[in-house]
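Structural description and commentary
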Amino acid sequence: MTNKVLKWFRISGMAICAGIVLVQFVYAVLWAINNGNNIQDFYDTSIYIANTKAFVSDGWRLIGYSIYVSLFMSLEFLIGKNYVLLIYISQLIISLLCYAYGCKTLVKVLFKKDIKLRTMLFPAVYILTIPIVWQIQFAILPDAI
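Notes on the structure in this doc start here.

Rules behind the numbers
Residues numbered from 1 in each chain as written. Predicted model: local features only at pLDDT ≥ 70, side-chain atom pairs only at ≥ 80, totals over all residues. Heavy atoms only, no water. Buried < 20%, exposed > 50% of the residue type's maximum accessible area, 1.4 Å probe, protein only. Helix = DSSP H or I, 4+ residues; strand = E, 2+ residues; numbered from the N terminus. Arc of directions from axis to C-beta. Salt bridge = Lys/Arg side-chain N within 4 Å of Asp/Glu carboxyl O. Contact = heavy atoms within 4.5 Å. Patch = residues over 30% accessible without salt bridge, like charges linked within 9 Å, V, L, I, M, F, W, Y side chains within 5 Å. Areas by Shrake-Rupley, 256 points an atom, 1.4 Å probe, with all protein chains shown as cover.

Moving on to helix α3 (residues 63-73). Of the positions making up α3, those classed as buried are S66, V69, F72 and M73. Each buried residue of α3 sits inside an arc of 120° when the element is viewed along its axis, so together they form one side.

Encoded structure:
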């Protein structure tokens, strides 16, 4: 009897987590559709863009990211401002893989277990979509601030 209850709690917990990730993923897609071509206006954004256009770096912002962004900016004459969306997508994929590989390595070092990469993609998607939920929530419900 105890095994059935534990199994039911495990399945229920996984279903709830999967539902939360699905909602976050839908919000992330909606955010990308609505804001995909907009460059987010964070403090460093203008500095990175200026460094990319001038092809220089400073002590804090190295040339590697400027080169990375300039590769996408060179596509502007073909696809217009959609190059920004390509930057977001590529950064998301790189972040997903880094997070998943990092967790896989951490589990291997700490617990001496070898887990599959796809197992770690689920928590990676969850972690990487959390900020997007907040951005969408405040964009849709400005009175909640």
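Proximity of charged atoms lets side chains of opposite charge pair with each other. Counting across every chain of the model gives one salt bridge. Note that D114 is salt-bridged to K104, the shortest N-O span being 3.0 Å. Here D114 is found in the loop between α5 (83-111) and α6 (117-140), whereas its partner K104 is found in helix α5, with ten residues between them in sequence. The class of D114 is exposed, set by a relative accessible area of 58%. The class for K104 is partly exposed, based on a relative accessible area of 22%.

Position of V107 among the secondary structure elements: in helix α5. Its relative accessible area of 19% is what places V107 among the buried residues. If sequence neighbours within four positions are ignored, V107 has contacts with K112, K113 and I115.

It is worth spelling out helix α2 (residues 43-54) at this point. The α-helix advances 3.6 residues per turn, and as a result positions three or four apart in sequence lie on the same side. T45, N51 and T52 are the residues of α2 that are buried. Along the axis of α2, the buried positions cluster into a sector of 135°, meaning they face one direction only. Across α2 from its buried face, at more than 90 degrees, point the exposed residues Y43 and K53. Phi for F55, located one or two positions after α2, is positive at around 55°.

Together, L22, V23, V26, Y27 and L30 give the surface a local cluster of nonpolar side chains, amounting to about 420 Å² of exposed area. Assignment of secondary structure puts L22 in helix α1 (residues 2-35). Residue class for L22 comes out exposed when judged on its relative accessible area of 54%.

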